[in-house]
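# Structural overview for review
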Amino acid sequence: MTAHVRISLPDGSAREMPRGTTAAELAAAIGPGLAKAALAARVDGELVDLERPIEHDASVALVTAKDEADALELVRHDYAHVLAEAVQRLFPGTQITFGPATEDGFYYDFAPPPGRGPFTEADLPVIEEEMRRIIRADKPLRREVWDRDALIARWKAEGEHFKAEWAAQLPEGEEITVYWSGDDWMDMCRGPHLPSTGRLDPEAFRLTRVSGAYWRGDPRNPQLSRIYGTGWLNRKQLEAHLARLEEAAKRDHRRLGREMGLFHLQEEAHGSVFWHPRGWMIYRQLEAYMRRRLDAAGYLEVRTPQLMSARQWEQSGHWGKYRENMFVVPDEIPATEDGKPIVSGKGEFLALKPMNCPAHVLIFRQGLKSYRDLPLRLAEFGCCHRNEPHGALHGLMRVRQFTQDDAHIFCREDQLVSEVAAFIDLLDRVYRDLGFARYAIKLALRPAQRFGSDAMWDWAEQSLRDAVAATGRNTPEHGWEELPGEGAFYAPKLEFHLEDAIGRTWQVGTIQTDTVLPERLDASYIGEDGARHRPVMLHRAILGSFERFIGILLEHHAGRLPMWLAPVQVVVATIVSDADGWAGEVAAALAAAGLRVETDFRNEKINLKVREHSLMKVPVMLVVGRREAAERTVAVRRLGEERQETLPLDTLVPALVAEATPPDLRSAA
RNA sequence: GCCGCUUUAGCUCAGCCGGUAGAGCACAUCAUUCGUAAUGAUGGGGUCGUCAGUUCGAGUCUGACAAGCGGCACCA
């Protein structure tokens, strides 16, 4: 043991410092500017407090606000602690539990004092003010290692039962640390933290909302009161973030749906969509596109019943596993009492299908199948009903009635990998056609509770891995990742997560192997050997549900859909009524060429017409006045552009037709 | 399903301490024919989410229910 340690710095230089030197002292030795800017340090890659002594040779990097990811993580974690301290000061008797940094801020879960309900938004300004006081007081944050039993005793004595439980469950052998804020408040925490609360910007955070949250995420546990905040390094960043939120709110598909007249939802059919003509046009275009893609990929479209006997759902296993989410109707004409229906309960029950898979197996079972029939790909734009928990419903994104771009592929075991690989290629084509450049592929592996043998799971998981490898997409650039424990109870699955224009991700596509359902519903085929075999069944979807996918499309494009999907592609707007005749001819020519055209002959100013059609996100506006009528031309104005271009019809029509052609119908460039 | 909030005209919202509703936009009518994001005037429109309760009187206070919003949990 020498008295010195050798510290290598990120610029390649190295320094000898006395053993036990802290990162703060190191920063001071390098320069006063750095000492002031340093927030924490990375010692051999591990993020630690500035006050942590360096006990052996190490590479050390000081973390400043310039290391944004680290700095934000630190700052948000600190805001969470300041929040907890503020709440305990203002509301004595509140128990603290847990409060991490999140993607854009932080939260902290509290158990409010007995007799006081959960925190409400009205409490937030007061808490914010207290937080600012703590930040301005510039309280030093100090790390301290504690003995587990002593800490548990202390938490119990202070009535912090959640903390005591947490401490008791920390893994054996793990160092247990607390952080002091000044010398009058502490919380158990792994750290690291900033040197003092004063390093936070009192104007760079905002408490945003309150919510209930279950202790340890389990609904059987007590519900805690969670306070969310957003936190940044400085005020400017906070303002930029708030502006981004506003931008996201403008893209909200519920708002766009109303503004663009696409659909509505109402109480009498909550969770089911009323599609208006314009919204339904988007749906039709998307469905027609998918149908062409599936036809070309060798799928056979089918249509199966909405209602099937509960007996059938018992046999498929849904009755046991999924009944809570199924709509069940009696197969009888109900008696009435005071106008209210009375069900005898003696008759049979039918259930609205929550999934299409059993019905597809029933089609498969009609007639003896040969190995020559496989793979058999049965597709259905299947309308399903699921009685979702009420709190889960959300615009088009989570509904009770929806239509999947569903299909089930029945194949032999040796066809599995090539079928999955072909599916991934199809899905890739579709996402790119729809304007999504990036998506991540994840493999959800066997959960703890599952059906089937380990051998089956080994085989199924490896097959999916192999299939992704066959497409070359098992790389970090494709977001390739394996998720242990996330699979369905009967099989592993691949998940496809789309990234949208503002960086959010949406799980849409999926493909999963299934050997359980063919077994339960006794699906079989005759192999080359003349014996019966079980087919493997693949459940797969690319868009997931049309409803949700259209919601995602609207938010991704901020309502400005690509021309082939736009409900109205062109509006011909007149400036004076003298131009109506020519405008009518223009519209007729475009309609004859297959474009979706509307005319606007209203006695209104062109300013108003441009504004209204722009707000409706019509991609192309053709403005026609006396001049155009005389010259037999149109002035083309594109959505969001002020530039205009005057063109004769015979060049305009083919150009617009080309632009409005769905991507799969375009001739290869 | 759980926690919090919200529900007033088609939309966005105002309505103080309880005294039978108001704005802007939209809509209708009239005038205006006007060159690229709101022409002007006039007018019609509300059982204040539903059901109970308190009160001489409830949009306003209380309760239940429903839906919506933000989370949590759920999403075989």
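Up top you'll find the structure we're talking about.
Report on the accompanying structure. (Residues numbered from 1 in each chain as written. Chains lettered and ligands numbered in written order. Predicted model: local features only at pLDDT ≥ 70, side-chain atom pairs only at ≥ 80, totals over all residues. Heavy atoms only, no water.)

In the structure shown here, the tally under the stated rule is 3 cavities of 30 Å³ or more. In terms of lining residues, the largest cavity is bounded by 13 residues, among which His81, Val82, Leu141, Ser181 and Trp185 are the most central. Here the lining of the largest cavity gets 4 residues from one element, more than from any other, and that element is helix α3 (residues 68–90). Residue classes in the lining of the largest cavity are distributed as 7 nonpolar, 4 polar and 2 charged. (1 Å grid on protein atoms, 1.4 Å probe; cavity = no way out; pocket = protein on both sides within 12 Å on 5 of 7 lines; lining within 4 Å. Points joined across faces, edges and corners; volume = space filled by probe spheres on them. Helix = DSSP H or I, 4+ residues; strand = E, 2+ residues; numbered from the N terminus. Nonpolar A, V, L, I, M, F, W, Y, C, P; charged D, E, K, R; others polar.)

Cis geometry marks the peptide bond from glycine 191 to proline 192, where omega comes out at -5°. Of note, proline 192 is situated in the loop between β12 (185–188) and β13 (205–214). The phi torsion at aspartate 44 lies on the positive side, around 50°, for a residue other than glycine. Assignment of secondary structure puts aspartate 44 in the loop between β4 (40–43) and β5 (46–48). Given the relative accessible area of 46%, aspartate 44 is considered partly exposed. Even without being glycine, arginine 216 reaches a positive phi, approximately 55°. (Buried < 20%, exposed > 50% of the residue type's maximum accessible area, 1.4 Å probe, protein only.)

Glancing now at the pattern of salt bridges. One pass over the full model with this rule turns up 53 salt bridges. We note a salt bridge from arginine 220 to aspartate 218, for which the minimum N-O separation is 2.7 Å. Classification of arginine 220 as exposed rests on a relative accessible area of 74%. In this structure, the salt-bridge partner of glutamate 598 is arginine 278, at a minimum N-O distance of 3.1 Å. (Salt bridge = Lys/Arg side-chain N within 4 Å of Asp/Glu carboxyl O.)

As a structural note, the neighbourhood of RNA strand B is formed by 52 residues, with Gln223, Met355, Phe489, Tyr490 and Asn603 the closest of them. The sugar-phosphate share of atoms of RNA strand B within 4 Å of the protein amounts to 52%. Between RNA strand B and the protein, one listed contact pairs a phosphate oxygen with a side-chain N or O atom of arginine 254 at 2.8 Å. A distance of 2.5 Å separates a base nitrogen of RNA strand B from a polar side-chain atom of glutamate 628. Of all the elements in the fold, those that place two or more residues in the surface near RNA strand B are β13, β14 (223–231), α8 (253–259), α11 (318–322), α18 (606–615), α19 (626–631) and β36 (633–638). Top element by residues in the surface near RNA strand B is α18. It accounts for 7 residues. Here the residues of the surface near RNA strand B sort into 22 nonpolar, 17 polar and 13 charged. (Near = heavy atom within 4 Å. Polar contact = N/O pair within 3.5 Å; in protein donor to acceptor, adjacent residues only side chain to side chain.)

Strand order in the open sheet formed by 4 strands is β8-β9-β14-β13, with antiparallel pairing between adjacent strands. Edge positions in the sheet fall to β8 (95–98) and β13, since each of these pairs with one other strand and no more. Strand after strand, the sheet turns through a mean of 30° between neighbouring axes, direction not considered. Where strand β9 (residues 105–111) lies against β14, 6 bridges are found, and the strand directions are antiparallel. Considered in β14, the bridge of tyrosine 108 is made with isoleucine 227. Packing against the sheet, helix α4 (residues 124–136) makes contact with β9, β13 and β14, and its axis sits at approximately 120° to β13. Strands β8, β9 and β14 of the sheet are contacted by helix α6 (residues 161–169), whose axis makes an angle of about 35° with β8. (Pairing = 2+ DSSP bridges. Axes fitted to C-alpha atoms, helices over the stretch in contact; angles between N-to-C directions. Contact = heavy atoms within 4.5 Å.)

Taken as a whole, the largest pocket holds about 1400 Å³ of empty space. Taken together, 37 residues line the largest pocket, and the ones lying closest to its centre are Tyr322, Met355, Arg386, Gln404 and Gln512. Counting residues per element, the ones that place at least two in the lining of the largest pocket are α11, β25 (401–411), β29 (505–514), α15 (516–520) and β32 (536–545).

Let us now look at α6. Residues of α6 that are buried: Phe162, Lys163, Ala164 and Ala167. As for α6, its buried residues are in contact with β8, β9, α5 (148–157), β11 (176–181), β12 and β14.

So, on to the pairing of strand β26 (residues 439–444). Along β26, 6 of the 6 residues are buried, which leaves the element largely enclosed by surrounding structure. With burial as the criterion, each face of β26 is covered, one bearing Tyr439, Ile441 and Leu443 and the other bearing Ala440, Lys442 and Ala444. For β26 and strand β28 (residues 493–499), the ladder comprises 6 bridges, and the chain directions are antiparallel. From the neighbouring strand, tyrosine 439 faces β28, where its bridge partner is leucine 498. Handedness of the crossover joining β26 and strand β27 (residues 481–483) through helix α14 (residues 454–470) is recorded here as right-handed. (Right-handed = clockwise from strand over helix to strand, strands pointing away.)

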